[in-house]
Amino acid sequence: HQAAWDRAIASIADKDDCPQYNGLAIEPKVGFVPIGRDPASGLWEFAHLQTGEIPDRDEKGKIVRTEEMGLVFVLIPGDVFNMGAVPPSGHNPTGSANTDPDARLDEGPVHEVTIKPFFLSKYEMTQGQWFRFTGKKPSLYGIETNVGGHQHTLLHPVENVSWNDCSEVLFRLKLRLPTESEWEYAARAGRATIFLTGINKESLQGAANIADRFLKNNGGENIQCEGSLNDGYSVHAPVGLLSPNAFGFHDVLGNVFEWCADIHADSSEKQPIDG
């Protein structure tokens, strides 16, 4: 895959071709294969060989998702962003940056964080990827599950895995969990609104799988649901089915929770587990 790496390295370093990277110089990464740029985000993406096959792209340049594909990583450019959220106040009225009426106290104060370039998976890890590497099927809603008329497949995200489970598997893959600041930076993708799609819940239609009208009508009568939305799934959906954010990441809100490497603490006290 040397030719693919030569093209990727030259493109990423070219400020005219890839201005987001600002001339970033990278070296080939063992176990990764460049598979081109996302047509919407313009960011380079890479297939991870240990977790499955190299995916193809369709005529529009979008990745063709299959049960056999491995993890796909996006190379995110470094930047400085404002991390955290605070409830509305006189100083931070509703609609202002990093203001959320549902923000908890430990999500503040909003503070500036510098992020170095890093790789992050474009999709949540699938049940197929987890099974191929570990030989285990831990998910509560596995491929035997049919909920709301949807038969689950190996393209659904793996769940029912602990922080220790994930850390151990990623260590064996020579990968790691993202820090909370890395994850928030990637999830926001340059946005400072309540949701990745805007300030209103209605903007999440087609972009996030949450507890909504479909769940209410398919076994979730006793669960608090958002009646104005309908994503068509009672539990999780196949990865990458819904719209991505500006960096090309799918399901950064909804579907399943993501683990991060940091301990849970007040925003001003958070430190990575490994120090």
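Enquirer: Just to check I follow, could you spell out the environment of I263 for this structure?
Expert: Mapped onto the secondary structure, I263 falls in the segment after α5 (213–216). Note: C-alpha distance between I263 and E180 (83 residues apart in sequence) is 8.9 Å.

Enquirer: Teacher, can you tell me more about the sheet that holds strand β6 (residues 118–121) here?
Expert: Within a sheet, each strand pairs with its neighbour through backbone hydrogen bonds, oriented either parallel or antiparallel. Across the sheet, 4 strands lie side by side as β1-β2-β3-β6; this open sheet has antiparallel pairing. At either end of the open sheet lies a strand with only one pairing partner, and these are β1 (32–37) and β6. Pairs of neighbouring strands in the sheet enclose a mean axial angle of 35°, with direction left out of account. Against the sheet, helix α4 (residues 180–188) engages β3 (72–76) and β6, with an angle of about 70° to β6.

Enquirer: Is there a simple way to think about the packing of helix α2 (residues 127–134) against helix α3 (residues 163–172) in this case?
Expert: If you want to describe how two helices pack, look at the angle between their axes and the distance between the axes. Put simply, α2 and α3 touch, their axes get as near as 11 Å, and they point 65° apart. Here α2 is positioned roughly perpendicular relative to α3, judged by the angle of their axes. Crossing angle aside, the handedness with which α2 passes α3 is left-handed. Listed contacts from α3 to W130, F133 and T134 of α2 are D165, C166, V169 and R172. Looking at side-chain class alone, the contact of α2 with α3 contains 4 nonpolar, 1 polar and 2 charged residues.

Enquirer: Any chance you could explain the pattern of salt bridges here in plain terms?
Expert: Where charged atoms of side chains with opposite charge meet at close range, the side chains can pair. Taken as a whole and assessed by the stated rule, the structure comprises 9 salt bridges. Between D17 and R37 there is a salt bridge, and its shortest N-O distance comes to 3.2 Å. Residue D17 is located in the loop between α1 (2–13) and β1, and its partner R37 is located in strand β1; the two are separated by 20 residues in the primary sequence. Note on D17: relative accessible area 33%, which makes it partly exposed.

Enquirer: Looking at this model, I keep getting lost on α4. Mind explaining?
Expert: An α-helical turn contains 3.6 residues, so a residue and the one three or four places further along point in the same direction. Extensive coverage of α4 is indicated by the burial of 7 of its 9 residues. What α4 keeps buried is the set S181, E182, E184, Y185, A186, A187 and R188. Of the surrounding secondary structure, the elements contacted by the buried residues of α4 are β3, β4 (79–83), β5 (111–115) and β6. After α4 finishes, the residue A189 shows a positive phi value of roughly 50°.

Conventions adopted
Residues numbered from 1 in each chain as written. Predicted model: local features only at pLDDT ≥ 70, side-chain atom pairs only at ≥ 80, totals over all residues. Heavy atoms only, no water. Helix = DSSP H or I, 4+ residues; strand = E, 2+ residues; numbered from the N terminus. Pairing = 2+ DSSP bridges. Axes fitted to C-alpha atoms, helices over the stretch in contact; angles between N-to-C directions. Contact = heavy atoms within 4.5 Å. Parallel < 35°, antiparallel > 145°, perpendicular 65-115°, else oblique. Left-handed = near helix turned anticlockwise from the far one by under 90°. Nonpolar A, V, L, I, M, F, W, Y, C, P; charged D, E, K, R; others polar. Salt bridge = Lys/Arg side-chain N within 4 Å of Asp/Glu carboxyl O. Buried < 20%, exposed > 50% of the residue type's maximum accessible area, 1.4 Å probe, protein only.

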